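# Notes for the structure review
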Amino acid sequence: QVQLVESGGGLVQPGGSLRLSCAASGSGFSMYTMGWYRQAPGKERELVAAISSADGSTNYADSVKGRFTISRDNAKNTVYLQMVSLKPDDTAVYSCRASWGFHIYWGQGTQVTVSS
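Bear in mind that the values here come from a model prediction, so they are computed numbers and not experimental data. (Residues numbered from 1 in each chain as written. Predicted model: local features only at pLDDT ≥ 70, side-chain atom pairs only at ≥ 80, totals over all residues. Heavy atoms only, no water.)

A few words on the state of the cysteines. Inspection of the entire model under this criterion finds one disulfide. A sulfur-sulfur distance of 2.2 Å marks the disulfide that ties C22 to C96. Of note, the bridge from C22 to C96 carries an S-S torsion of about -85 degrees and is left-handed in sense. A residue pair is termed long-range when its members are at least 10 positions apart, and C22 in strand β3 (residues 18-25) and C96 in strand β9 (residues 92-100) qualify at 74 residues. Both residues of the pair, C22 and C96, belong to the buried class. (Disulfide = S-S within 2.5 Å. Helix = DSSP H or I, 4+ residues; strand = E, 2+ residues; numbered from the N terminus. Buried < 20%, exposed > 50% of the residue type's maximum accessible area, 1.4 Å probe, protein only.)

This is the structure in structure tokens:
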């Protein structure tokens, strides 16, 4: 019913920037809460940022506050994660999630590597 495709990951130097995109297919995008999660090798997956379906309110992990910005464009069925001042600890697979009630959908993930 809903498919999510992430893009924009890659290799970047410390202090650099990347913008991740998550494009959704299917109906009802504007009704979904959208989030970005990340998982590094040997670690649990953690919530990075989320944005609500109603008023667009956002939540961020403490580790990324002031550096990452989540946004959505309902007309384009797309959610973004703008990342600046990247650190090596930001290296992980970043995945997009859509949720509404008991419906949950995940994207395939995109690799972000921050290294000199």
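Moving on, we come to the side chain of R72. For R72, the position within the fold is in strand β7 (residues 68-73). Look at R72: it is buried, it has no salt bridge, and the nearest opposite charge is D73 at 8.5 Å. A distance of 2.9 Å separates a polar atom in the side chain of R72 from the backbone oxygen of F29. At a separation of 2.8 Å, a polar atom in the side chain of R72 contacts the main-chain carbonyl oxygen of Y32. (Lys, Arg positive; Asp, Glu negative; His and termini not counted. Salt bridge = Lys/Arg side-chain N within 4 Å of Asp/Glu carboxyl O. Polar contact = N/O pair within 3.5 Å; in protein donor to acceptor, adjacent residues only side chain to side chain.)

Attention now goes to unusual backbone geometry. Phi at N77 is positive, roughly 55 degrees, even though this residue is not glycine. Judged by relative accessible area, N77 falls into the partly exposed class, the value being 21%. Residues other than glycine seldom take positive phi values, yet S85 does so here, at roughly 50 degrees. Assignment of secondary structure puts S85 in the loop between β8 (78-83) and β9. We classify S85 as partly exposed; its relative accessible area is 40%.

With burial as the criterion, only one face of strand β11 (residues 110-114) is covered, namely that bearing T110, V112 and V114; the residues Q111 and T113 on the opposite face remain uncovered. In the sheet, strand β2 (residues 10-12) pairs with β11 via three bridges, with the strands oriented parallel. Looking at the pairing, V12 lines up with V114 of β11. By the bridge criterion, three bridges tie β9 to β11 in an arrangement that is antiparallel. When the sheet's bridge partners are listed, Y94 is paired in β11 with T110. (Pairing = 2+ DSSP bridges.)

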